[in-house]
Amino acid sequence: MSVTWALPFDQKINPKLNLNRLVSITTYKEIHSQTVKDYKQFWASVASEIDWFKPWEKTLDDSNPPFYKWFVGGELNASYLTVDRHVKSWRKNKVAIIWEGEPVDEKGNPKEVRKLTYYDLYREVNRVAYLLKEKYGLKKGDAIAIYLPMIPELPIFMLAAARIGVVFTVVFSGFSADALASRINDAEAKLLITADGGWRRGKVVDLKGIVDKALEKTPTIKDVIVVRRIGNKVNMVEGRDKYFDEVIKDIPQNVYVEPERMKSEDPLYILYTSGTTGKPKGIVHDIGGYMTLLHATMKWVFDIRDDDIYWCTADIGWVTGHSYIVFGPLMEGATEIMYEGALDYPQPDRWVSIIERYGITILYTSPTAIRSFMKYGDNWVKAHITSTVRLMHSVGEPINPEAWEWLWKLVGREEVPFGSTWWMTETGGILISHLPGLYLVPMKPGTNGPPILGIEPDVVNEDGKQVNLEERGYLVIKNPWPGMPLTIYKDPERYVKVYWSRFPGMFYVGDYAVKDKDGYFWILGRADEVIKVAGHRLGTYELESALIEHPAVAEAAVIGVPDPVKGEVPYAFVILRQGYTPNTQLSQEILKTVRDKVGPIATIDKIFFVGKLPKTRSGKIMRRVVRAVATRAEVGDITTLEDEASVEEIKKALEEFK
Ligand code: PRX
């Protein structure tokens, strides 16, 4: 099914949206191919739309592939672009962030709403930059870690660090002490910013307790700043931990910290993400290329304007929040919503009540969220006014057509542009998406749409050869793009190996995809050992490593199986050590070990005890075979299997579970 843009939707909703934007796919393809042919020149023209302290001399340094450098010689600052620029314009007292806390009163209204104008944000960012620089002695090139819930201090600390050239790594607040410690240690962070807790579904998450455990094994952390969010009593370590309100109170409101003149290819942040094997990789993003891609996509994909109320429902702990809550919308001077808690708390209509309360015009959410809303039924949605919404996108995992149609009909009134933007931590920003801010081409439920301008993705087979249209293959990106990683932190060889070695000269994404006859991409899911649980990226390796830390577990294989709401959920197949017998209590204990090691987001859905796991003759676990059995798919070629009885074991375990 293909849905053409309903006419004249923009006259009703958005008089400014020009119908001249309606183009045929053929026209889009022609425009696109021009931008790809001259991609350096094309991206240079986009980059010239943002403010540089000093213009670049070379658009792309490709002398040492795959370590590409964009806009070499150029100087800029991400904090300048997101705050100072607006303060110098009429946007000075425009609202930047409307923050809504999770707790509600008896009537169901939010207990706390904070509105920060661009000028408020500017002053706070300057004060925190001053604090970091003058009181904590941090300087350009140092690293800090941020482990905060969704409160305004999170973007403020990120922007303050960016202002003084301090590299930050944000750790999602659903990660455990071990996960936090390993990221701090890899980044060699000197300072950690956390809170006395966070609200999640009406409960307090004890962030400070997790931090204290993590810091038992992080020698580089000298200081901790604790933001008071809950107001409860937490353990404060003398000489190390200080409350944010106490350290900031003497810093004047009008302090100004000169933004560092950063090189385009200097690092902005490190964000850890799961891969096929080994510990999470620290993806390093630059400044010039990254900010250029965000500027472009905010305009093209989100059609962002000054009268919009934009809401991205992600958590800033993931890349979506970095790019499309913090740097992208603020660079464009948008007014955005930042919501602290669960989208269905205390009732399933929390998300729609937010749309209604602020008159959201642009909604960026995830398939998992949509599917969970669907489950609650239409009436929760119909009880609220959502007709302000003029554009929607989804991200994080493939969107099933049913979920797409449900939201498009109910909130999108069968007329608003609604896409599924494909990208990943590594790409920095959206690379495959409809571009309603530029061109309107037909939508198709479930597709990711055509590539954005200047980007050349393709679908290839095992040998790196382009597959036929409608045929499944591996997604690759054929040209360097602004926003691409600089490297994997402290592990450039791994960067080359993981992304650039499988198909020489092409960036290997790790997703299966299909390209249809119109040139639209359909990303089908991961082709490797990464699973996406509710859109969160988890490596089976991390889960397996956590499982075998339990003394009863000898070996473990984790696979992702389809789930109607979360997209995928992890199943664990475990071989017990001698002397242990399977029972419910042991299952619970093992599951708890995984939650403790990785974090509450790493909840294994089901655990199965088996005597054998399918392995190759060289001893590698064949997860593909486990997955095929568990999902009743074709098991495929098992000639390399060491012992066929292992397949029966898996089947038996699945049957017995029911
Ligand atoms: O499998 C793809 C899936 O999410 C992966 C990247 O995960 P992460 O780095 O956590 O970034 C998520 C948010 C940008 C990809 O390899 N993915 C992301 N967006 C989509 C998607 N799959 C299908 N459709 C999407 N729109």
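Residues numbered from 1 in each chain as written. Predicted model: local features only at pLDDT ≥ 70, side-chain atom pairs only at ≥ 80, totals over all residues. Heavy atoms only, no water.

The alternating pattern of strand E6 (residues 143-146) places Ala143 and Ala145 on one face and Ile144 and Ile146 on the opposite face, and all of these are buried. Taken together, E6, helix H6 (residues 153-163) and strand E7 (residues 167-170) constitute a β-α-β crossover, and its handedness is right-handed. (Buried < 20%, exposed > 50% of the residue type's maximum accessible area, 1.4 Å probe, protein only. Helix = DSSP H or I, 4+ residues; strand = E, 2+ residues; numbered from the N terminus. Right-handed = clockwise from strand over helix to strand, strands pointing away.)

Here the focus is helix H20 (residues 645-657). For H20, which comprises 13 residues, the first-to-last C-alpha distance of 19 Å matches the rise-based estimate of 18 Å (1.5 Å per residue) to within 8%. Turning to H20, its buried residues number three or more, namely Ser646, Val647, Ile650, Ala653 and Leu654. One face of H20 carries all of its buried residues, which in axial projection span an arc of 125°. Along H20, exposed side chains directed more than 90 degrees from the buried face belong to Glu655 and Glu656. (Expected span 1.5 Å × (residues − 1). Arc of directions from axis to C-beta.)

The omega torsion across Pro65 and Pro66 is 0°, close enough to zero to call that bond cis. For Pro66, the position within the fold is in the loop between strand E1 (58-61) and strand E2 (69-72). Following Tyr345, the chain continues into Pro346 via a peptide bond in cis, with omega recorded as -5°. Following the sequence through the fold, Pro346 ends up in the loop between strand E17 (335-339) and helix H12 (350-358). Even without being glycine, Glu414 reaches a positive phi, approximately 55°. The class of Glu414 is partly exposed, set by a relative accessible area of 40%. Even without glycine at this site, Lys490 takes up a positive phi of about 60°. Note on placement: Lys490 falls in the loop between strand E23 (485-488) and helix H16 (492-500).

Once that is clear, we can look at the UniProt feature "domain: AMP-dependent synthetase/ligase" (unreviewed entry) in the protein chain. The feature "domain: AMP-dependent synthetase/ligase" (unreviewed entry), as given by UniProt, occupies residues 85-481 in the numbering adopted here. Taken end to end, residues 85-481 is 29% helix and 20% strand, and its first and last C-alpha atoms sit 25 Å apart. (UniProt positions renumbered as here; feature names shortened; annotations may be inferred.)

For the coordinates displayed, the defined rule picks out 48 salt bridges. The residue Glu57 makes a salt bridge to Lys54 at a minimum N-O spacing of 3.3 Å. Of the charged contacts in the structure, one is a salt bridge between Asp241 and Lys208, with a shortest N-O distance of 2.7 Å. In this pair, Asp241 is assigned in strand E12 (residues 241-243) and Lys208 in helix H8 (residues 207-214), connecting sequence segments 33 residues apart. (Salt bridge = Lys/Arg side-chain N within 4 Å of Asp/Glu carboxyl O.)

What follows is about the nonpolar core. Among the nonpolar cores identified, the biggest contains 167 residues, and Trp43 and Phe327 are the most heavily contacted of them. Setting aside its immediate chain neighbours within four residues, Trp43 contacts Trp70, Phe71, Thr292, Leu293, Ala296, Trp300, Ile452, Leu453, Gly454, Ile455 and Pro482. (Core = buried A, V, L, I, M, F, W, Y, C linked by side-chain atoms within 4.5 Å. Contact = heavy atoms within 4.5 Å.)

A separate point is the site of the ligand. Residues in contact with the ligand amount to 18 residues; listed here are only the nearest, Thr421, Thr425, Asp511, Arg526 and Arg537. For the ligand, a nitrogen atom lies 2.8 Å from a polar atom in the backbone of Thr421. Lys532 is positioned such that a nitrogen or oxygen atom in its side chain is 2.8 Å from an oxygen atom of the ligand. Classifying every residue of the shell around the ligand gives seven nonpolar, six polar and five charged. (Near = heavy atom within 4 Å. Polar contact = N/O pair within 3.5 Å; in protein donor to acceptor, adjacent residues only side chain to side chain. Nonpolar A, V, L, I, M, F, W, Y, C, P; charged D, E, K, R; others polar.)

Enumeration over the complete set of coordinates arrives at two cavities of 30 Å³ or more. In this structure, the largest cavity occupies an estimated 40 Å³ of space. In this structure, the largest cavity is lined by Ser182, Arg183, Asp186, Tyr272, Lys279 and Pro280. It is helix H7 (residues 177-187) that contributes the most residues to the lining of the largest cavity, three residues altogether. Tallied by class, the residues present in the lining of the largest cavity amount to two nonpolar, one polar and three charged. Tyr28, Ser433, His434, Leu435, Tyr439, Val441 and Pro450 are the residues that line the second largest cavity. The class makeup of the residues in the lining of the second largest cavity is five nonpolar, two polar and no charged. (1 Å grid on protein atoms, 1.4 Å probe; cavity = no way out; pocket = protein on both sides within 12 Å on 5 of 7 lines; lining within 4 Å. Points joined across faces, edges and corners; volume = space filled by probe spheres on them.)

Reading across the sheet, the seven strands line up as E5-E4-E17-E16-E18-E19-E20 and stay open at both edges, with mixed pairing between neighbours. Either end of the sheet is taken by a strand with one partner, and the two such strands are strand E5 (113-117) and strand E20 (418-420). Here the strands of the sheet are splayed against their neighbours by 15° on average, with no regard to which way each runs. Both strand E18 (residues 362-365) and strand E19 (residues 391-394) contribute to a ladder of four bridges, which runs parallel. By the bridge assignment for E19, Ile362 is matched with Leu391. (Pairing = 2+ DSSP bridges. Axes fitted to C-alpha atoms, helices over the stretch in contact; angles between N-to-C directions.)

The four strands are arranged E21-E22-E24-E25 in an open sheet whose pairing can be described as antiparallel. Both outer strands of the open sheet, strand E21 (457-460) and strand E25 (521-526), are each paired with one neighbouring strand and no more. The average angle at which neighbouring strand axes cross in this sheet is 45°, direction not considered. Relative to strand E24 (residues 507-515), strand E22 (residues 473-477) runs antiparallel, the two being bridged by four bridges. When the sheet's bridge partners are listed, Tyr474 is paired in E24 with Tyr512.

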